[in-house]
Amino acid sequence: MLFDLYFVFRVLVFPGFTFLFFFTMFCDWVERKIEARMQNRMGPTFTGPGGILQPFADVVKLLTKEDIVPGGAKKTIFRIAPIISFSIIVFAISFLPIDGAAIIPNSSFAGDLIFIMALITIANFFLFLSGWASANPYSDIGASRLLTQFLGYDIPLVILALAPAFLAGSLTIASIAASQYLPFIILAPWAFVLFIVTLQAELEKDPFDIPHAESEVVGGLETEFCGGKLAFLRLTRDMQIVFGAALVVELFLGGPYGPVFFGFPAFWYFLWFVLKLLAVVVVTEYLTCLFARFRIDQVLTANWKVLLPLSVLSLTLTVAVATWVYPLVM
Amino acid sequence: MGKKKKSSISPMVKALLSNLFKKPATCQYPFVKAEVPEGFRGKQVYDINLCISCGLCSRDCPASAIEMVEINGKRRPLFHLDQCIFCYQCAESCPRNAIQSTKIFELATTDKSSLVIKPEEKAQKENGEQQ
Amino acid sequence: MSQKETDILSILQAKFKDTTVQVQPQQLGKVAVIADATTYRDVLKALLEADEKTAVIAITGIDLGATLGVFYHIRTSTAGIITIKVEVPKEEPRLKTISDLMPGAAFDEMEVTDLVGVVFEGHPSPGRLVLPDNWPDGVFPLRKDAKLDNLQFKPTPPSEPASPGNEDIVKIIIGPQHPALLEPEKFALKVEGEIVKDVQPRIGYVHRGIEKAAESRTYLQDVYLVERICGICNACHATCFVEAVEKILETEVPPRAKYIRTILLELNRLHSHLLTLGHAGLEIGFETLFQYFWRDREPIMDITEIISGNRVISSGMTVGGVRRDINEADIPKIKGMLTSLRKRLPFYKKVYEDEPSIKMRMKNVGTLKREDALKLCIVGPTARGSAVDIDVRKDEPYEAYGEIPFKLITYNEGDTWARMNVRMDEVEESINIIEYALDNLPTGPFRVRVPRVVPAGEAVNRVEAPRGELFYYLKSNGTAYPERVKVRTPTFANIPAFLATAIGSNIADVPPNFVSLDPCFSCTDR
């Protein structure tokens, strides 16, 4: 009985769904504020103290709008796809140790790194389906670009994620996070840099944000969505960013583990996790502000001609260095 | 050779970081009022005592925003601010400088009848003061 | 008259000595040529042979009562405008097209067909340009006897499929409402994969009939009307119009007014260039650059507010001078703001040179070769980016430009990157011009009184708007109202450049390409 309550609490409230929901909005606010300050303007200021309630206000506003399904769209897929992709991402996050243990207790298993990567691909695929199901040429173009981009960039992403897996000697995220006496960003910095770049592409942020390129494809795959479904799509995108940053934290920055000063270790693990995640969010936002948007053929060139060979090289380098450095460090 | 390579990094890299710590360039209107210079073309103010009813302001208005109406037996201009383009040709055409500009620019309203400058109010006010 | 001008005049006089063509020097520009329907093409061919930079500026259609006048305004590389006047009878308004000699004239001819009713035989793509598709046949708005009440509109024709039988070709429509465009126009791209095969433009969504409206307002009211053709280059429209009126009146404007007019014109140019540079950043997805440029545009609007009372539409010009003087006490403040803007410019230059993603999106995009730019009669920074050195401020100095030293900026690459760099360098030149003008402001009156009624006559005039050469043709008939006001705006002349460079490029290259010619559709449609 007690175990059931604990399970429900962890999954639904903290650090589960409710916490993730509000945390995503908090990260969205951080992103927007940082982006605004870098561009010499103010960002959200007046909704709530310092504008912190702005993302929440956006979601509430979208939920109050009329929800239209276009006549020519494939209605079932149009209605369900955003919700499915959102749920898959929430499910994927629940495998990451946030306060020292995964959200769903005792859920980590050997190889769940690959499992999570597969889940992300499926979530992106459902995003593509939502764009494809709208009867709109702009959505078609946006969705097909999304497909090209994430399928292409998945491969270097997985190869680069194998570097910390190799250093930790396991494919379980919890073990990778736990075995970082020295964070892997120091042991394999090349993998970290390339991973951040590939993550930018996977999350569709500048310079790789073609699927959302306003000036070319109006709204991309989001064109026909409005009301509650658009809120889900936006939340999916924001949660993807949180997921990507969380993955970086787990794989390269030592996960939630850090010095514990007093009291509950779970509290300190959670605090370190949040701080590291915010740092990664700031870095990715900085990269977003720094570049213009690439053209689709430049994105594909960057993937197949640059990132893929470099990721293979990084894995090779990690293996070579590890057999030499590993005994000195561990 | 080394110096040339360093200068080929886009200055945007540093600018983004330094702007994080600078004050934003936004003027927080309406909490901070915008300062308007002298000579700003805002809402008109019309002095009925100087008016000689020549009607040149109405004739020259490019937007047809001035209508001559009868007040106490004399023709006076009635300004329709919802048509007005604030070019101040009326002020220029007036031979007696009866039309002046002010710095009032916050004219947005939901009540269209407030966007009219009526000459009669001024006339009554003058009569009231004289009494 | 310079040596080259005399040559053109003597070439024309020699060639058409014993023909029905009359050559009149110093009329309507530098030379007016009265020709008829059979000889005007020979005049054009003579001009093309004499000078490679000959281009058509505008084609005016005018209702002359029993006949319809078609005036070809031609620009040569010397200072002058050469006008070829042709008249056709109203019952049989037909002329042969000149778009085989000058492809850039195609748009102008379509507009004359729409608004006045002259049909050009042999036109490559006849159709409606500024009027809507369902406009009734036979109603030509610019004719004096046009009945514009109770129009019976035709049913709108259905849109055609992309390419019947070929399923690879997809039709992507940019506009009329599209985030890439600031104003509504429609460009139907026929796309195969990611490559653009064909572009069909349709302009006229913002056609407000300003040329017709100008005929029912006095000259004084028209100054404000033409100012509102475009929000950003408003001072240029006003200046061009009042200069044309002053040419008919033969009034000389006092020197202080000329300098103040120059300052207002250069402020327009600064505003426009900074806006475009920011907008280009937005099109390529570089939001940060957009925010930075627009932050630096704010002081320009503040300066305009100090000088003229309004942030954007300055309303500073009037026939005979300027409407208000510059206060000497404001000058140090203005110069301070310009100095801080000048300090920001090296940062932007460096960003354009060193930022790799800008170069990836802008270099070799929308390349226009010099010969094409000359053939299509392109004007403004779009042409100067392709090594064509035309600038009205240098070719035919007006206002105070003859006395103020400044550089003419050209770049050779001809792509989007070059055009943006032209604009950035012109920002610096504009700051130089304004500072020089403020330092050397002559004393004296800033306005002379002019009569309200303008005697009969006609004049042509052109100024360098931020986007290129702006051209006005004005005809007065001795009443208080003008007979005909013809406006040819620079974006109207530059759209063929976009059509030529978009074909064969990527879809993703279309927005930066488009923005680099700085489109202003309010100007285009009037």
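Reading the values: the criteria
- Residues numbered from 1 in each chain as written.
- Chains lettered and ligands numbered in written order.
- Predicted model: local features only at pLDDT ≥ 70, side-chain atom pairs only at ≥ 80, totals over all residues.
- Heavy atoms only, no water.
- Helix = DSSP H or I, 4+ residues; strand = E, 2+ residues; numbered from the N terminus.
- Rg over C-alpha atoms; globule rule 2.2 N^0.38 Å.
- Contact = heavy atoms within 4.5 Å.
- Areas by Shrake-Rupley, 256 points an atom, 1.4 Å probe, with all protein chains shown as cover.
- Lys, Arg positive; Asp, Glu negative; His and termini not counted.
- Charge placed at Lys NZ, Arg CZ, Asp CG, Glu CD.
- Buried area = accessible area lost by both parts, 1.4 Å probe.
- Salt bridge = Lys/Arg side-chain N within 4 Å of Asp/Glu carboxyl O.
- Polar contact = N/O pair within 3.5 Å; in protein donor to acceptor, adjacent residues only side chain to side chain.
- Buried < 20%, exposed > 50% of the residue type's maximum accessible area, 1.4 Å probe, protein only.
- Arc of directions from axis to C-beta.
- pLDDT = per-residue confidence, 0-100.
- Pairing = 2+ DSSP bridges.
- Axes fitted to C-alpha atoms, helices over the stretch in contact; angles between N-to-C directions.
- Nonpolar A, V, L, I, M, F, W, Y, C, P; charged D, E, K, R; others polar.

**Focus on the overall build of chain A**
Link 1 in the chain: On a plain count of helices and strands, chain A comes out with 13 helices and zero strands.
Link 2 in the chain: Along chain A, helices (α) and strands (β) appear in the sequence α-α-α-α-α-α-α-α-α-α-α-α-α when read from the amino end.
Link 3 in the chain: In summary, chain A has a C-alpha radius of gyration of 20 Å against a globular reference of 20 Å for 330 residues, a match within 12%.
Link 4 in the chain: Pairs at least 24 apart in sequence give 76% of the contacts found in chain A among residues at least 6 apart.
Link 5 in the chain: Summed over its atoms, the accessible surface of chain A is roughly 13400 Å², and 76% of this surface lies on carbon and sulfur atoms.
Link 6 in the chain: Here chain A holds 19 positive side-chain charges and 23 negative ones, and the gap between their average locations is 4 Å.

**Description of the interface of chain B and chain A**
Interfaces are often sized by the accessible area lost when the parts come together.
Link 1 in the chain: On the chain A side, the residues contacting the twelve residues of chain B number ten residues.
Link 2 in the chain: In this assembly, chain B packs against chain A so that about 1100 Å² is buried in total across both faces, 68% of it on carbon and sulfur atoms.
Link 3 in the chain: Summed over the three residues of chain B that lose the most area to chain A, namely Leu 16, Leu 20 and Pro 24 of chain B, the buried surface amounts to 44% of that side.
Link 4 in the chain: Inspection of the region where chain B meets chain A yields zero salt bridges.
Link 5 in the chain: For the interface between chain B and chain A, the tally reads three residue pairs in polar contact (both at pLDDT 80 or more).

**Describing helix H2 (residues 12–20) of chain B**
Link 1 in the chain: The set of residues buried in H2 of chain B consists of Met 12, Ala 15, Leu 16 and Asn 19 of chain B. The buried residues of H2 of chain B occupy one face: seen down the axis, they fall within an arc of 100°.

**A word on the confidence of the model for chain C**
Residue and element names in this part refer to chain C.
Link 1 in the chain: In this model, chain C carries a mean pLDDT of 84, and residues with pLDDT of at least 70 account for 95%.
Link 2 in the chain: The weakest mean pLDDT in chain C belongs to helix H1 (residues 3–15) at 67; the strongest belongs to helix H6 (residues 234–249) at 91.
Link 3 in the chain: In the predicted assembly, ipTM is 0.86 and pTM is 0.88.

**Quick look at the pairing of strand S3 (residues 74–80) of chain B**
Residues and elements named next belong to chain B.
Link 1 in the chain: As paired elements, strand S2 (residues 66–71) and S3 share six bridges and run antiparallel to each other. In the sheet register, Glu 70 faces S3, and the bridge partner there is Arg 75.
Link 2 in the chain: Here S2 hands over to S3 after two residues, with Asn 72 in that stretch at a positive phi of 50°.
Link 3 in the chain: In the sheet, S3 pairs with strand S5 (residues 116–117) via two bridges, with the strands oriented antiparallel. When the sheet's bridge partners are listed, Phe 79 is paired in S5 with Ile 117.

**A look at the environment of Ile 93 of chain A**
Residue and element names in this part refer to chain A.
Link 1 in the chain: Mapped onto the elements, Ile 93 comes out in helix H4 (residues 75–93).
Link 2 in the chain: Residue classification places Ile 93 among the buried positions, given a relative accessible area of 2%.
Link 3 in the chain: Put simply, Ile 93 and Ala 133 are 40 residues apart on the chain and 27 Å apart in space, counted from C-alpha to C-alpha.
Link 4 in the chain: Each residue touching Ile 93, except ones within four places of it in the same chain, is listed here: Leu 20, Ile 103, Met 239 and Phe 243.

**Quick notes on the sheet that holds strand S10 (residues 195–202) of chain C**
Residues and elements named next belong to chain C.
Link 1 in the chain: One open sheet holds the three strands; their spatial order is S8-S9-S10, and the pairing between them is antiparallel. The outermost strands of the open sheet, each flanked by one partner alone, are strand S8 (169–174) and S10. Within this sheet the neighbouring strands show an average axis-to-axis angle of 20°, counted without direction.
Link 2 in the chain: Bridge count between S8 and strand S9 (residues 186–192): six bridges; the pairing is antiparallel. What sits directly across from Val 170, in S9, is Val 191.
Link 3 in the chain: In the packing of helix H15 (residues 490–502) onto the sheet, contacts are made with S9 and S10, and the angle to S10 comes to roughly 160°.

**Here we look at the interface of chain B and chain C**
Link 1 in the chain: Each partner contributes residues to the interface: chain B has 26 residues there, and chain C has 27 residues.
Link 2 in the chain: The interface formed by chain B and chain C holds three salt bridges in total.
Link 3 in the chain: Residues Glu 92 of chain B and Arg 323 of chain C are paired through a salt bridge, measuring 2.3 Å at the closest nitrogen-oxygen approach.
Link 4 in the chain: The interface formed by chain B and chain C contains 14 residue pairs in polar contact (both at pLDDT 80 or more).
Link 5 in the chain: If you list the elements that add at least two residues to the side of chain B that touches chain C, you get H2, helix H3 (56–60) and helix H4 (89–93) of chain B.
Link 6 in the chain: Looking at the side of chain B that touches chain C, the element that brings in the most residues is H2 of chain B, giving four residues.
Link 7 in the chain: Classifying every residue of the side of chain B that touches chain C gives 15 nonpolar, seven polar and four charged.

**A word on the pattern of salt bridges**
Residues and elements named next belong to chain C.
Link 1 in the chain: Applying the stated rule across the entire model yields 54 salt bridges over all chains.
Link 2 in the chain: For Lys 144, the salt bridge identified is with Glu 215, shortest N-O distance 3.1 Å. Pair noted here: Lys 144 is in the loop between strand S7 (119–121) and S8 and Glu 215 is in the loop between helix H4 (210–213) and helix H5 (219–227), with a separation of 71 residues, a long-range link.
Link 3 in the chain: A salt bridge links Lys 350 to Asp 354; the nearest nitrogen and oxygen atoms lie 2.9 Å apart. Taken together, the positions of Lys 350 and Asp 354, both in helix H9 (residues 331–354) and four residues apart, correspond to about one turn of that helix.

**A closer look at the packing of H6 of chain C against helix H7 (residues 255–283) of chain C**
Residues and elements named next belong to chain C.
Link 1 in the chain: For the pair H6 and H7, interaxial distance at closest approach is 8 Å and the crossing angle is 145°. In contact with Asn 234, Ala 235, Cys 236, Thr 239, Val 242, Glu 243 and Glu 246 of H6, H7 contributes Arg 261, Leu 264, Leu 265 and Asn 268.
Link 2 in the chain: For the contact of H6 with H7, the per-class residue count stands at five nonpolar, three polar and three charged.

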